[in-house]
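Results of the structural survey
As a plain string of letters, each chain reads:
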Amino acid sequence: MQENKTASFFNGYSGDFNAIYGSGTGTFQRLINKWFRQTMLIRFQKTIAACNPLAGKSILDVGCGPGLYAITLAKGSPDFVYGIDFAPAMIELAQKEAKKAGVEKICRFAVADFTTLPEDKQYSYLILMGFMDYIKNPESVIDKAMHLANEKVLFSFPSDKGFLAWQRKIRYKFKCPLYLYNEKQLHQLFAHISPWQCKIENIGRDFYVTLEKQEK
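Residues numbered from 1 in each chain as written. Predicted model: local features only at pLDDT ≥ 70, side-chain atom pairs only at ≥ 80, totals over all residues. Heavy atoms only, no water.

In this section: the pairing of strand 2 (residues 80-85). Burial within strand 2 is extensive, with five of its six residues counted as buried. Pairing analysis gives five bridges linking strand 1 (residues 58-62) to strand 2, with the strands arranged parallel. The partner of serine 58 across the bridge, within strand 2, is phenylalanine 80. Once the chain exits strand 1 it traverses helix 3 (residues 68-74) before rejoining the sheet at strand 2, and the crossover so formed is right-handed. As judged from the five bridges shared by strand 2 and strand 3 (residues 107-111), these two strands associate in the parallel manner. Within strand 3, the position partnered with tyrosine 82 by the bridge is arginine 108. Viewed along the sheet, the connection from strand 2 through helix 4 (residues 88-101) into strand 3 turns out right-handed. (Buried < 20%, exposed > 50% of the residue type's maximum accessible area, 1.4 Å probe, protein only. Helix = DSSP H or I, 4+ residues; strand = E, 2+ residues; numbered from the N terminus. Pairing = 2+ DSSP bridges. Right-handed = clockwise from strand over helix to strand, strands pointing away.)

Okay, the side chain of lysine 144 next. Tracing the backbone through its elements, the reader meets lysine 144 in helix 5 (residues 138-148). Judged by its relative accessible area of 8%, lysine 144 falls in the buried class. Ignoring anything within four residues of it in the chain, the contact list for lysine 144 reads Phe114, Thr115, Thr116, Leu117 and Glu119. (Contact = heavy atoms within 4.5 Å.)

The next subject is the sheet that holds strand 7 (residues 206-213). Overall, mixed pairing links the seven strands, which are arranged 3-2-1-4-5-7-6 in an open sheet. The open sheet is flanked by strand 3 and strand 6 (196-202), the only strands paired with a single partner. Each adjacent strand pair in this sheet contributes to an overall mean axis angle of 15°, direction not counted. Packing against the sheet, helix 4 makes contact with strand 2 and strand 3, and its axis sits at approximately 165° to strand 3. Of the strands in this sheet, strand 1, strand 4 (123-128), strand 5 (149-158), strand 6 and strand 7 are in contact with helix 5, which crosses strand 5 at around 150°. (Axes fitted to C-alpha atoms, helices over the stretch in contact; angles between N-to-C directions.)

As a further point, take the pairing of strand 5. Across the ten residues of strand 5, eight count as buried, placing the element largely inside the fold. As paired strands, strand 4 and strand 5 are joined by five bridges and run parallel to one another. When the sheet's bridge partners are listed, tyrosine 125 is paired in strand 5 with lysine 152. In the classification by handedness, the crossover that spans strand 4, the intervening helix 5 and the parallel strand 5 is right-handed. Here strand 5 pairs with strand 7 via seven bridges, running antiparallel. Counterpart to phenylalanine 155 in the pairing with strand 7 is valine 209.

Here it is, written out as structure tokens:
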């Protein structure tokens, strides 16, 4: 199954995950710093800013990894932050980091599959950063996200253009499925989402997509 292969890859990758935030001075490293880490920083900053206000809000972080987004937001004192991920090792890291940050009472982390997550609870904000890269059927995920959110949904979609897209295709070929997008595809995906308003931004390696629910 696609989910099993992706989970296995990230479970094994978890120990080295924070290394992507490292530094280097070589030509190749500078290129990666400029395009890859810069995009990750932009999407992180945009997401934290978009989850405003935090008081009284609940947040679902899908594909939470080691909990960077969830823990940062928990420090702003929302009601509740729930982080889910395919990979048990990522969840273990997130739980340790939440305890270290003193937000373990606000953050809950669990190994879970978003596609089968019960729809009996809604969240103010849904975050899907670095998640759509591995999803074969994006339409079903988008639809579910809109059912679970009552204010905003925040996505990143990897671009199919540029050096990093080419590099990722090669790197992931035998590791796990990878799905890349262009702007036209995204406009088609989000063409009929009333009463949601969609904003698509090119932030380098990724497209950043904001869905905001409008009053009927």
